[in-house]
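Chain residues, written in single-letter form:
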Amino acid sequence: MRTEKAISPTVLHRHFLLSRLHSLAGIVPLGVFLVEHFYSNAIAMLGAALYDKQVKAIQSIPWVWVIEILFIMLPLLYHAGYGIYVAFLSKHNTQTYGYQRNWRFLLQRISGIVTLVFVIYHVWSFRIKSALFGVDVSFEMVSSHLLNPWIFAFYVLGILSTTFHFTNGLWSGLITWGVTTGPRSQEISSRVMAGVFLVFTVIGVTSLAAFV
């Protein structure tokens, strides 16, 4: 007779800590950066001059590269790495158990992969290439990049994926950290996150349109 191998308390404790760090990395440093990024891009709706001024203000922050590495890149690498680990090892029961949480779990993992590809492309296009070739990010640069309809469509997909991943992750994070423990509070949180998702998506796509 075959028996299931028991998971040791040490492994469970380690998984508990890693999952909490994964959730925290997505909410605090990356979530704050996402809000700031949406705000900076939304300034494009006010005109090229104000957008260029905002970009220069950010790039003139002392030790901006150190800040980006410590508070954006390292949390992103951990959040993405552990998220991929969970995505490939976890079982999705959407066909057997068609509950909302199972679908949220599956869509969270799919959106995480799409968002990671989008972020890598975005960072390469506007951060790494600009640093390697000494080209400053500007309204004109972003505009010429987004004039390609395929790239524009990819950015719309990236915004939808990123905003869903963040808001759905925030919804589950509130449960993970014991903020929304009951069905009623989770339902309210779900509606609030749906509203945040809609607002972020509208702002993100409208900002894209402002460049073209």
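Fair warning: this is a prediction, and the values are worked out from it, not measured in the lab. (Residues numbered from 1 in each chain as written. Predicted model: local features only at pLDDT ≥ 70, side-chain atom pairs only at ≥ 80, totals over all residues. Heavy atoms only, no water.)

### So, the packing of aromatic side chains
Under the definition given, this model contains 13 aromatic pairs. An aromatic cluster is built from F118, Y121, F154 and Y155, whose rings are joined through pairwise contacts. For R20, the ring lying beneath its charged end belongs to W177, and the centroid distance is 6.0 Å. Positioned over the ring face of W65 is R127, at 4.6 Å from the centre of the ring. (Phe/Tyr/Trp six-rings, centres within 6.5 Å; stacked < 30°, edge-to-face > 60°. Lys NZ or Arg CZ within 6 Å of the ring centre and 35° of its normal.)

### Here's the deal with a nonpolar patch on the surface
The grouping of I61, W63, W65, V66, I67, I69, L70, F71, M73, L74 and L77 at the surface amounts to a nonpolar patch, some 1,100 Å² of accessible area in total. With respect to the helices and strands, the residue I69 is situated in helix α4 (residues 64–89). (Patch = residues over 30% accessible without salt bridge, like charges linked within 9 Å, V, L, I, M, F, W, Y side chains within 5 Å. Areas by Shrake-Rupley, 256 points an atom, 1.4 Å probe, with all protein chains shown as cover. Salt bridge = Lys/Arg side-chain N within 4 Å of Asp/Glu carboxyl O. Helix = DSSP H or I, 4+ residues; strand = E, 2+ residues; numbered from the N terminus.)

### Some thoughts on helix α6 (residues 139–146)
Along α6, the positions that sit buried rather than exposed are F139, V142, S143, H145 and L146. The arc that holds every buried residue of α6, seen down its axis, measures 160 degrees, which confines them to one face. Lining the buried residues of α6 we find α3 (48–59), α5 (100–133), α7 (149–176) and α8 (183–211). (Buried < 20%, exposed > 50% of the residue type's maximum accessible area, 1.4 Å probe, protein only. Arc of directions from axis to C-beta. Contact = heavy atoms within 4.5 Å.)

### Focus: the environment of I151
Along the chain, I151 turns up in helix α7. Each residue touching I151, except ones within four places of it in the same chain, is listed here: Y121, H145 and L146.

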